[in-house]
Amino acid sequence: MKAWQAILLTLLIIAIFAYMPWWWFFSPIVVLISAIWGAIDAAQIELKKYKSFLARGPVTVFLGMSLLWIIYFPWYLSFRYKIKHGEATLK
């Protein structure tokens, strides 16, 4: 997913939760699920092999998404896109 698409998706998710009456219950669940997915995906695509600030282990990806989801989630999605399309450089 390109950077603008990742940011748009993140804003869309935030907008959906802004109008939900139970947003305070569901938003931590979505953050946790996306953090778990990010950690598993980081291990599968071997994120550590690439040059980037995001190129860390699965635990760091999980913590980053858990604590700074609004920034880390779209950043991770856009970097993942670069890896999948061969645009990311290896270390």
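Above this note sits the structure.
For clarity, every value in this text was computed on a predicted model and none was experimentally measured.

1. Things to note about the nonpolar core
Then step 1. Ranked by size, the top nonpolar core spans 20 residues in total, and within it Leu 47, Val 61, Met 65, Tyr 76, Phe 79 and Ile 83 carry the most contacts.
Then step 2. Listing elements by their share of this core, those giving two or more residues are helix 1 (3-18), helix 2 (23-44), helix 3 (58-67) and helix 4 (69-84).
Then step 3. Setting aside chain neighbours within four positions, we find Tyr 76 in contact with Trp 37, Gly 38, Asp 41, Ala 42, Ile 45, Leu 47, Leu 54, Val 61 and Met 65.

2. Describing the packing of helix 2 against helix 4
Then step 1. Their axes nearest at 11 Å, the elements helix 2 and helix 4 cross at an angle of 35°. Note on packing geometry: the crossing formed by helix 2 with helix 4 is left-handed. Along the contact surface, helix 2 presents Val 31, Ser 34, Trp 37, Gly 38, Asp 41 and Ala 42, while helix 4 presents Trp 69, Phe 73, Tyr 76, Leu 77 and Arg 80.
Then step 2. Class assignment of the residues belonging to the contact of helix 2 with helix 4 gives a composition of seven nonpolar, two polar and two charged.

3. Structural notes on the pattern of salt bridges
Then step 1. In total, this model carries two salt bridges according to the counting rule given.
Then step 2. In this structure, the salt-bridge partner of Asp 41 is Arg 80, at a minimum N-O distance of 2.6 Å. Within this pair, whereas Asp 41 is found in helix 2, its partner Arg 80 is found in helix 4, the two being separated by 39 residues in sequence.
Then step 3. Between Glu 46 and Lys 49 there is a salt bridge, with the nearest N and O atoms lying 2.5 Å from each other.

Procedures and definitions
- Residues numbered from 1 in each chain as written.
- Predicted model: local features only at pLDDT ≥ 70, side-chain atom pairs only at ≥ 80, totals over all residues.
- Heavy atoms only, no water.
- Core = buried A, V, L, I, M, F, W, Y, C linked by side-chain atoms within 4.5 Å.
- Buried < 20%, exposed > 50% of the residue type's maximum accessible area, 1.4 Å probe, protein only.
- Helix = DSSP H or I, 4+ residues; strand = E, 2+ residues; numbered from the N terminus.
- Contact = heavy atoms within 4.5 Å.
- Axes fitted to C-alpha atoms, helices over the stretch in contact; angles between N-to-C directions.
- Left-handed = near helix turned anticlockwise from the far one by under 90°.
- Nonpolar A, V, L, I, M, F, W, Y, C, P; charged D, E, K, R; others polar.
- Salt bridge = Lys/Arg side-chain N within 4 Å of Asp/Glu carboxyl O.

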